[in-house]
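# A structural walkthrough
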Amino acid sequence: LNLNSSIYDKITISFGIRNIPDIDGALREMRRVSKQGAVLGILEFALPESGVLAPVARAFVSVVVPVLGAVLSGARFDEYAHLARSISEFPPPARFRERIAAAGFEA
């Protein structure tokens, strides 16, 4: 980013970090432009790793979301299949927290 270092108190991103090709680079850049102690807020989808409803959630995201999204929006199925794929490929919360910490944020 063409921004000075250490200028922001807060950085937020919602439902978008999973679409950035270099997530770790983006996290490092967010840290670079953040003041010490800045708040990082990331809102993202994640699939449950365990529990009774984990298989139901996975099926819902991989089958129901693409079909329902395509039907309701009139878009092509593959556009919503990308959404399901990007959610399923995103790291689980504990692993993503490690990546945030590796970028220099307190996680």
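Scroll up a little and you will see the structure.
Residues numbered from 1 in each chain as written. Predicted model: local features only at pLDDT ≥ 70, side-chain atom pairs only at ≥ 80, totals over all residues. Heavy atoms only, no water.

## Observations concerning unusual backbone geometry
Note the following rule: A run of H or I in DSSP counts as a helix once it spans at least four residues, and a run of E counts as a strand once it spans at least two, with each numbered from the N terminus. Buried means the residue's accessible area, taken with a 1.4 Å probe over protein chains only, is under 20% of the maximum for its type, while exposed means over 50%, and partly exposed covers the values in between.
Of note, S6 is a non-glycine position whose phi angle comes to about 55°, a positive value. If you trace the backbone, S6 turns up in the segment before strand 1 (8-14). On the accessibility criterion, S6 (44% relative accessible area) is partly exposed.

## Things to note about the pairing of strand 1
Filter applied, for reference: A pair of strands is labelled paired if DSSP reports no fewer than 2 bridges between them. With its strands directed away from the observer, a crossover is right-handed exactly when the path from the first strand over the helix to the second travels clockwise.
Across 6 bridges, the pairing between strand 1 and strand 2 (residues 34-43) is parallel. Bridge assignment links T12 to a residue of strand 2, and that residue is G41. Taken together, strand 1, helix 1 (residues 23-33) and strand 2 form a β-α-β motif whose crossover is right-handed.

## A look at the packing of aromatic side chains
Test applied: The rule is short: rings of Phe, Tyr and Trp, with Trp giving its six-membered ring, pair when the centres are within 6.5 Å, and they are stacked under 30 degrees, edge-to-face over 60, tilted in between.
If you walk through the whole model with that rule in mind, you get 2 aromatic pairs. With 4.9 Å between their ring centres and 55° between their planes, F90 and F96 make a pair best called tilted. Assigned by exposure class, F90 and F96 land together as buried.

## Brief notes about the nonpolar core
Stated precisely, the cut-off is as follows: Here the nonpolar core consists of buried residues drawn from Ala, Val, Leu, Ile, Met, Phe, Trp, Tyr and Cys, with membership extended through side-chain atoms lying within 4.5 Å.
Ranked by size, the top nonpolar core spans 13 residues in total, and within it I17, L27, M30, L40 and F96 carry the most contacts. When contributions to this core are tallied by element, the ones reaching two or more residues are strand 1, helix 1 and helix 4 (93-102).

## Observations regarding the side chain of E44
Definition in use: Pairs of N or O atoms are called polar contacts if they sit within 3.5 Å, as long as, within protein, a hydrogen donor faces a hydrogen acceptor (for residues adjacent in sequence, only side-chain-to-side-chain pairs). Any two residues whose heavy atoms approach within 4.5 Å at even a single point are treated as in contact.
Structurally, E44 can be placed in the loop between strand 2 and helix 2 (54-73). With a relative accessible area of 18%, E44 lands in the buried category. Polar contacts involving the side chain of E44 include one to the main-chain amide nitrogen of I17, which spans 3.3 Å. Ignoring sequence-local partners within four residues, the contact set of E44 consists of F15, G16, I17, R18 and F90.

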